[in-house]
Number of protein chains: 2
Amino acid sequence: MSGIGAIIGSIEENFDRHLDKIREFVRQPSISASGEGIRETAELCRALVEGLGGEARVVPTEGHPVVHGEVREGADRTLLVYSMYDVQPVADEEGRWIVPPFRGEVADIPEGKSLVARGVYNTKGPLRGFFNVCEEIKAMNEALPVNLVFVIEGEEELGSPHLPSFVENHIQELSKADAMYFPMPQESIPGRPNIVLGVKGIVYVELEARGGAWGGPSEFGIHSSMASSVDSPVWRLVHFLSTLRDEEGRVLLEGFYDDLRPPTSEENRFAEEIAKTGFEDEWRRSMKIRRFVQGATGRELIRRYLFEPNLNIDGLVSGFTLKGTKTVLPHSARAKLDLRLLPDMSPEEVVRQLERHIEAQGASDFLKMTVHDMYPWSQSPPTSDVVQAKVAALERLGMRPLVWPRIAGSAPFYLFNRPPLNLPYVAGGAGKAGRAHSPNEFFTVEGIKRFEKGVASFLYHYAGME
Amino acid sequence: MSGIGAIIGSIEENFDRHLDKIREFVRQPSISASGEGIRETAELCRALVEGLGGEARVVPTEGHPVVHGEVREGADRTLLVYSMYDVQPVADEEGRWIVPPFRGEVADIPEGKSLVARGVYNTKGPLRGFFNVCEEIKAMNEALPVNLVFVIEGEEELGSPHLPSFVENHIQELSKADAMYFPMPQESIPGRPNIVLGVKGIVYVELEARGGAWGGPSEFGIHSSMASSVDSPVWRLVHFLSTLRDEEGRVLLEGFYDDLRPPTSEENRFAEEIAKTGFEDEWRRSMKIRRFVQGATGRELIRRYLFEPNLNIDGLVSGFTLKGTKTVLPHSARAKLDLRLLPDMSPEEVVRQLERHIEAQGASDFLKMTVHDMYPWSQSPPTSDVVQAKVAALERLGMRPLVWPRIAGSAPFYLFNRPPLNLPYVAGGAGKAGRAHSPNEFFTVEGIKRFEKGVASFLYHYAGME
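Since the structure is predicted, the reported quantities are computational estimates derived from the model, not experimental observations. (Residues numbered from 1 in each chain as written. Chains lettered and ligands numbered in written order. Predicted model: local features only at pLDDT ≥ 70, side-chain atom pairs only at ≥ 80, totals over all residues. Heavy atoms only, no water.)

## Points about the sheet that holds strand β3 (residues 78–84) of chain A
Residue and element names in this part refer to chain A.
- Spatially, eight strands are ordered β1-β2-β6-β3-β7-β18-β8-β17 in an open sheet, and the strand pairing comes out mixed. Single-partner strands in this sheet number two, and they are β1 (55–59) and β17 (402–404). Pairwise comparison of adjacent strand axes, ignoring direction, gives a mean angle of 20° for this sheet.
- With four bridges connecting them, strand β7 (residues 179–183) and strand β18 (residues 425–428) associate as parallel partners. By the bridge assignment for β18, Pro183 is matched with Gly428.
- The strands that helix α14 (residues 445–462) touches are β3, β7 and β18; relative to β7, the one it contacts most, it runs at about 175°. (Pairing = 2+ DSSP bridges. Helix = DSSP H or I, 4+ residues; strand = E, 2+ residues; numbered from the N terminus. Axes fitted to C-alpha atoms, helices over the stretch in contact; angles between N-to-C directions. Contact = heavy atoms within 4.5 Å.)

See below:
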C-alpha cells in the first residue's frame, strides 16, 4: 500500500510521536517583537528541512532571518510552502493563561482536549504538523509526491518588513514553484474546513501626541491641577481619534472607500454558502461575543466580515494606568491602529490619506505618526489547480470544505501571488484551533490529527496521485 | 535672647541635623495607593508628636490610620496642623528619577542643590520640617508659643476617603483649635512665598468600557481582523470621552458651569498682584511648558488657573501598549478623569451630571463609572488672624508674600473650614520645591531652611509674640 491510504494509516499509528514533536516545537519561544528565541527557532526550522533530505539556509535580513529551503524529489510539480516561525508577544497577557504559554501542555478546555500554547495555532503548530507529514512519508521510504520550496519567515507578526527584499533577492529560486501553500487549520465548523483564497491588506500605524511648542507639558507629566492653564496631549489625541471613525464604525478618512470594488458575483456566492453554515454561533462561542456590529447576523454579518474595510484601535495608553488614583496631566499619549484593506485599496494611498487627515485636522503640531507595517491584500483564483487539489483532498477525507473568498486577517501572500512570481495559492486546512493573538491559544489534539491527514491528502492530490 | 530671633539663629546653627532628619523621614516609603510603609510611617509621626512632650494616637479608620496628637503648652492660642504622611506612587515613574525616589539623596539640579525624593515636597518634607522647628524651640528650653493639635492623615493622595469620619468622631478634640495651618512650601518666585487661602474641589472618576450584551468581545481581546464585524469598547470610550470636553477645553456636561460664581473684586485684586510677578516664566521653566492654553499669558493665564474649573484625563489604557505591534481588538478600555471645582460648584452635583451625561449619550450599556474621590472646594477669609500672622511672619524675614485666593489643587480643608469647626486657615510657606506627583520631586536645601524659618516666625506671630 502506498499513496494517500498508507500515509493516513501511518499518521494514525504514529500520532503520539507527532504530537510530541509539535509540543517540543512550541516550547521554544520565538517572539519577533522582542527577539526572544528567534535565532534558535530559525535553526530548528533549517534542521527540519535538512531532516527531509533537503537543503536549507538561515538567510540573514536586516531584521530576523528567513529560513529558505528546498527538497528536490524529481517530482513534476513544485509547491512553495510559506510559513512563519515567529509568534505574538505574551507579556501583556500575564496571568491570563491556564497553562504557561511556552510549556507545550495538553489541557482539557471547552473546545476539547487541546494543546494550549502561544503559536500552536498561529503558526508553529501547523508548520511542525506539515513537517510531521513529510517525515512520515519519508519514513515509509517514499519520495515526497511534490518538490518543496520553503520560505519560513521570522517577522510575520511584525508585518513581514524584510520579506519583500528576501523575495526580490530569490526570484530565481522561488520561481521554480508552481503554486504556494500556507498551512493553517481553519475548521471552526466541524466537518467544514475552510479553503482560503485571499487576505485583506493592512496598514498598522502608531500615533503619538506629545507636548511641545504648541503647548502641553513636554518632558514629564505635571500636577493635574494645572489643567485649566496647560494643554493636554491626551485630550488632543482623543479628539483626533474621534475624527477618524464614526460611531457606527465608518472610516472618515477622505477617499478611504473610493477604491473599494464591490464584491464579484462569485464572492457573493461564496458568502451565501458561508451564511448557511453555523459560523455565527461558532464566533459567539469562541470569541465570547453576545452581539455583532449593529445586531448583524447571518448573511449581513459575513458580508461585513468579508467585504468591509475597517480601522481598529489595538492599543491606547497615556498617564497613570495602575490601580487607584494619581492626579497627573500626562505629557504624551499613544495609540496603535490597524486598518484592513480590500481590493482595490492601496496601503500607500491609505497612509497618504492619514497624513492628509492629520494636516486637515491641524494635528501635525502635536501628533507624530509612525507606520509600523503595511502591505496589500491579495486573492487567488478559485479555479487554480492548487485550490482544486485542496478541495478534492479534503473531500477525499469525507469533509465538506467551505471556500472563503478571503479571511479578514492579513498575510503577505501578495509577494508570491503578484508579478513576477504570479503563483496561485491556497491557505487553510482541517482541524479546530483558535484564539490567535489571545491568551490560551489552542489547537485541539483531534484537530492536529485531522490537519495532518488533510495535508497528506493535499500533497498527493496536488501531485495528481490521488 | 528668646523668641523669633533666637529660634532663627538655632535653625541656622543646627540646620545640618535638621536636613538629616528630613532625609531620614523621606527614606521611609509611605505609598497610600499600595499600602507600602503606611503603618511604619504613622508610627513615626506618633513618635514625633510624643517627642515634643505631646500625646498622640494612631487612630484606625476603615482605610489607613490618622495620627491624632496634641501638644498642650498652656498657650492662649491653639493651632490645628493638618498634614499627611502618605505619598504618590512611583511605580509608573520607573527609570525617570535621577536618584532612587526613597533614598533621601541630595543632588545638584537646575533649581539648585536639593533633596530629591518622593514626598519631599508633597508633603513629608515640610511636615518633618515643622517638627524640626518645634524640636528646636523645645531644645532651647522654651515652651511652644501655641498649643498644637495634629491631624496627619495617610490617605490624602487617595482623596482622603476616611478623613470625614475621623473629623466627625473627633469634633470635641478638634474644636479646641482656633485656626488650621497646612505647612507646605510655596515659593516658586524667589522672595515671594505664597499665602494660600483656598483650594479647588475635586471629583476623580474611573470609566471602564467593556464588551457585553451590547456587543464587543467580553472576556479577552480578539484578533483585530474581526473589527468590521465586532464592536470595539475602546472606540466607544474614545467617542464618549470626546463628548465630555471640547477641543478648547470647555467641559460639555450639562449644567457644569451653572453654579460657578464670578470672581469677587478681592479675588480679582489678588489675581492682578500675581499677574505682575514672574509666575509665568517660573511655570514655563519648572514644568517644561512652552505655550499655555490658547497662548494665554500674564493676567489671562493666572485667571484661567484661579477661576476656571476643568476636566483632565489622568490616565487612559486599552489593549496592547508595549513596544511594537499586536493586532488585537481589546475587550475593555479604562480612563481616569479628574474634575476641579470652584465656588459654588458641588461635587455631588457634578457626579450627577456625569451620570446624566452617560445616560444621555446612551453609554450606560457599555460604560461603568466608579467614583474614586470627591470633595468640595474651600476658602478662608484673608482678614483672619491666622492669615495675617502668616503674612507678617514672612515680612518679618524680609520676604514679600503673595496672597493666592486659592491654588488649583485640592485638599480636604473644607472639613476644618466648614461647620461645625468653622476654622479659618492658611496654607503655604517659604522655600522652593516642586514636581509633586512627578519624577524628581524636590525641595531645595536653601528652601528647606527658609521654610523652617518661616514656620518659626509664623508660630510666634500667631501667638502674638512677634
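Next comes the rest of the description.
## Topic: the environment of Arg128 of chain A
All names here are of chain A.
- By the element assignment, Arg128 lies in helix α4 (residues 124–139).
- The spacing of Arg128 and Phe220 is 92 residues in sequence and 48 Å in space, taken between C-alpha atoms.
- Setting aside chain neighbours within four positions, we find Arg128 in contact with Lys21, Ile22, Phe25, Leu48 and Glu135.

## Brief notes about the pairing of strand β4 (residues 105–109) of chain A
Residue and element names in this part refer to chain A.
- Looking at chain direction, β4 and strand β5 (residues 112–116) are connected through five bridges and run antiparallel. Across the sheet, Asp108 pairs through a bridge with Lys113, a residue of β5.
- Here β4 folds back onto β5 in antiparallel fashion, the turn holding two residues.

## Comments concerning the pattern of salt bridges
- Scanning the entire structure with this criterion turns up 68 salt bridges over all chains.
- Salt-bridge contacts for Asp92 of chain B lead to Lys326 of chain A; the nearest nitrogen and oxygen are separated by 3.2 Å. With Asp92 of chain B in the loop between β3 (78–84) and β4 (105–109) and Lys326 of chain A in the loop between β12 (310–319) and β13 (328–329), this residue pair bridges two chains.
- Lys326 of chain A gets classed as buried once you look at its relative accessible area, which sits at 2%.
- We note a salt bridge from Glu93 of chain B to Arg118 of chain B, for which the minimum N-O separation is 2.7 Å. Placement of the pair is Glu93 of chain B in the loop between β3 and β4 and Arg118 of chain B in the loop between β5 (112–116) and α4 (124–139), with a sequence separation of 25 residues.
- What makes Glu93 of chain B buried here is its relative accessible area of 3%.
- Within this structure, Asp92, Glu93, Arg118 and Glu441 of chain A together with Lys326 of chain B form a network of salt bridges that share partners. (Salt bridge = Lys/Arg side-chain N within 4 Å of Asp/Glu carboxyl O. Buried < 20%, exposed > 50% of the residue type's maximum accessible area, 1.4 Å probe, protein only.)

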